[in-house]
Amino acid sequence: AQTVTQSQPEMSVQEAETVTLSCTYDTSESDYYLFWYKQPPSRQMILVIRQEAYKQQNATENRFSVNFQKAAKSFSLKISDSQLGDAAMYFCAYRSWGAQKLVFGQGTRLTINP
Amino acid sequence: SAVISQKPSRDICQRGTSLTIQCQVDSQVTMMFWYRQQPGQSLTLIATANQGSEATYESGFVIDKFPISRPNLTFSTLTVSNMSPEDSSIYLCSAGGGDTGELFFGEGSRLTVL
């Protein structure tokens, strides 16, 4: 079974600075998806960014980018120019290519200091 | 994308009672998923709700405790039966986004069992 590990329970960063959240995963599959979701206090899970494993190019969405290292099974999230609204729990998630369910990591609580 | 509505948003329940959570999707989806998020924890998949057949439960979750209905392609319910304080959690409904690979989530139902 696939597992997802987030080794940083909490992170904090000064507003406008850059922060990187770590995620590693374990799988024997070659095709899969990886995601970062954000969960603010409102509880709503919001997709931040998505990466298909067959794509070598790292995904980017505005201030959010990933460093996808397939051989190392690593999928970190970089947030540039951090804003107060970025404060939330961030979950890394894995999805097999042929399935729809997601496997989540433990989460990282991100605090933005003004 | 899909918009998912859940109700109730929150409830306080007495030990030994049961509560049914409803999930409505604004478009037809093949599979719907029910996750549990215990306080301060990550999301754990309870079961996959399949239209026209019985739900598929993950290890550690049983139908007697978490019966699920899926009468059509846009609606599902999860019942938490014979509740105990350990069932106090957020329960989230989600559904697949097809080719994009992502799951969309409802806002969750926060249950507190006294």
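Basis of the calculations
Residues numbered from 1 in each chain as written. Chains lettered and ligands numbered in written order. Predicted model: local features only at pLDDT ≥ 70, side-chain atom pairs only at ≥ 80, totals over all residues. Heavy atoms only, no water. 1 Å grid on protein atoms, 1.4 Å probe; cavity = no way out; pocket = protein on both sides within 12 Å on 5 of 7 lines; lining within 4 Å. Points joined across faces, edges and corners; volume = space filled by probe spheres on them. Nonpolar A, V, L, I, M, F, W, Y, C, P; charged D, E, K, R; others polar. Helix = DSSP H or I, 4+ residues; strand = E, 2+ residues; numbered from the N terminus. Contact = heavy atoms within 4.5 Å. Buried area = accessible area lost by both parts, 1.4 Å probe. Salt bridge = Lys/Arg side-chain N within 4 Å of Asp/Glu carboxyl O. Polar contact = N/O pair within 3.5 Å; in protein donor to acceptor, adjacent residues only side chain to side chain. Buried < 20%, exposed > 50% of the residue type's maximum accessible area, 1.4 Å probe, protein only. Pairing = 2+ DSSP bridges. Axes fitted to C-alpha atoms, helices over the stretch in contact; angles between N-to-C directions.

1. Let's talk about the layout of surface pockets
One number sums up the size of the largest pocket: a volume of about 340 Å³. Lining the largest pocket are 21 residues, with Gln39 and Arg109 of chain A together with Gln37, Ile90 and Arg110 of chain B positioned closest to its centre. A breakdown of the residues in the lining of the largest pocket according to their chemical character gives 9 nonpolar, 9 polar and 3 charged. Considering only enclosed or pocket space, the second largest pocket measures out at about 260 Å³ in volume. For the second largest pocket, the lining is made up of 15 residues, of which Leu102 and Val103 of chain A together with Thr44, Leu45 and Glu58 of chain B are closest to its centre. Elements supplying a minimum of two residues to the lining of the second largest pocket: β1 (3-5) and β11 (103-104) of chain A together with β5 (43-50) of chain B.

2. Some remarks on the interface of chain B and chain A
Contact residues are listed per partner, giving 26 residues for chain B and 18 residues for chain A. Counting each side, the surface lost to burial between chain B and chain A is near 1,800 Å², with a carbon and sulfur contribution of 48%. Connecting chain B to chain A are 2 salt bridges. Close ionic contact of Glu58 of chain B with Lys101 of chain A constitutes a salt bridge, the shortest N to O distance being 3.2 Å. For the interface between chain B and chain A, the tally reads 10 residue pairs in polar contact (both at pLDDT 80 or more). Taken together, the elements giving at least two residues each to the side of chain B that touches chain A come down to β4 (31-37), β5, β9 (89-96), β10 (103-105) and β11 (109-113) of chain B.

3. Overview of the side chain of Thr48 of chain B
Residues and elements named next belong to chain B. Assignment of secondary structure puts Thr48 in strand β5. By relative accessible area, Thr48 is classed as buried at 7%. Every residue in contact with Thr48, bar those within four places of it in the chain, is listed here: Met31, Met32, Phe33, Ala55 and Thr56.

4. Points about the sheet that holds strand β1 (residues 4-7) of chain B
Residue and element names in this part refer to chain B. Spatially, β1-β3-β8-β7 is the arrangement adopted by the 4 strands of the open sheet, whose pairing is antiparallel. Edge positions in the sheet fall to β1 and β7 (68-72), since each has one partner strand and no second. Between one strand and the next, the sheet's axes are offset by a mean angle of 15°, whatever the strand orientation. Bridge analysis of β7 against strand β8 (residues 75-80) gives 3 bridges, and the strand direction is antiparallel. Residue Ile68 lies in a different strand from β8, and its bridge partner there is Leu78.

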